[in-house]
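# Topology and contacts: notes
Residue-level listing of the chains:
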Amino acid sequence: MRLAITLFTSFFLLFQTSCSSGRTHNEEKYYGIIKPAGITTYQYGTHRLEAQSDFYALKSDTVNLEEYEDQEVEITASRIEGYPVDGGPVYLLVTKVKN
C-alpha cells in the first residue's frame, strides 16, 4: 500500500511539474539579442529576444537567461499556447541557448 501511495504521489508531482509551464508547441530555433523584459504593457516573460524584424517574450525553466543578456544568440524554444495576449509578442519557453 505504501508503494502505491508513493508511486501515485510521484506521478502526480511529475504531472504538475510538466504542466506548470503551460502547453507548448514544437521546438524551433530563433536568432537575436536577449534583453531583460523590463516594464512592459503585456506583463509576461522575464526577457525578450530582439530579432531582425520582430521580438519575442521569453522565459525558461532550465536556462539562466541573465547569463546571455545583450548577446546575440540562437535559442531553441517552443511557443506557449494562449499567447500573444493584449497586443503583446509571442511567448517562448526557452530550452537551449547558444552564442
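Residues numbered from 1 in each chain as written. Predicted model: local features only at pLDDT ≥ 70, side-chain atom pairs only at ≥ 80, totals over all residues. Heavy atoms only, no water.

Note on placement: Pro36 falls in strand S1 (residues 24–36). Sequence-wise, Pro36 and Thr46 are 10 residues apart; in three dimensions their C-alpha atoms are separated by 6.4 Å. Those residues in contact with Pro36 that lie beyond four places of it in its chain are Thr46, His47, Arg48 and Glu69. (Helix = DSSP H or I, 4+ residues; strand = E, 2+ residues; numbered from the N terminus. Contact = heavy atoms within 4.5 Å.)

Below, the discussion takes up the pattern of salt bridges. With the rule as written, the count across this model stands at four salt bridges. Measuring nitrogen to oxygen at the nearest pair gives 3.9 Å for the salt bridge that ties Glu74 to Lys29. Note that Glu74 is positioned in strand S4 (residues 72–80) and Lys29 in strand S1, a separation of 45 residues in sequence. Residue classification places Glu74 among the buried positions, given a relative accessible area of 16%. Taking the shortest distance from any N to any O, the salt bridge between Glu74 and Lys98 comes out at 3.9 Å. Here Glu74, found in strand S4, pairs with Lys98, found in strand S5 (residues 91–98); they are 24 residues apart in sequence, far enough to count as distant. By relative accessible area, Lys98 is classed as exposed at 52%. (Salt bridge = Lys/Arg side-chain N within 4 Å of Asp/Glu carboxyl O. Buried < 20%, exposed > 50% of the residue type's maximum accessible area, 1.4 Å probe, protein only.)

We now examine the pairing of S5. Both strand S3 (residues 55–59) and S5 contribute to a ladder of three bridges, which runs parallel. Note that in S5 the partner of Lys59 across the bridge is Leu93. (Pairing = 2+ DSSP bridges.)

Inspection of the entire model under this criterion finds six aromatic pairs. Between Tyr44 and Tyr83, the aromatic rings sit 4.6 Å apart at their centres with planes inclined by 55°, giving tilted as the arrangement. Of this pair, Tyr44 sits in the loop between S1 and strand S2 (47–50) while Tyr83 is found in the loop between S4 and S5, placing the two residues 39 residues apart along the sequence. Among the residues examined, Tyr83 registers a relative accessible area of 32% and is labelled partly exposed. What links up through ring pairs into an aromatic cluster is the set Tyr42, Tyr44, Phe55, Tyr83 and Tyr91. (Phe/Tyr/Trp six-rings, centres within 6.5 Å; stacked < 30°, edge-to-face > 60°.)

Below, the discussion takes up the nonpolar core. Side chains of a nonpolar character, in soluble globular proteins, are inclined to be buried together. Ile34, Leu49, Leu58, Ile75, Leu92 and Val97 are the most contacted members of the largest nonpolar core, which totals 15 residues. Those elements giving two or more residues to this core turn out to be S1, S3, S4 and S5. Beyond its immediate sequence surroundings of up to four residues, Leu49 is in contact with Tyr30, Tyr31, Gly32, Ile33, Ile34, Asp54, Phe55, Tyr56, Leu58, Val73 and Ile75. (Core = buried A, V, L, I, M, F, W, Y, C linked by side-chain atoms within 4.5 Å.)

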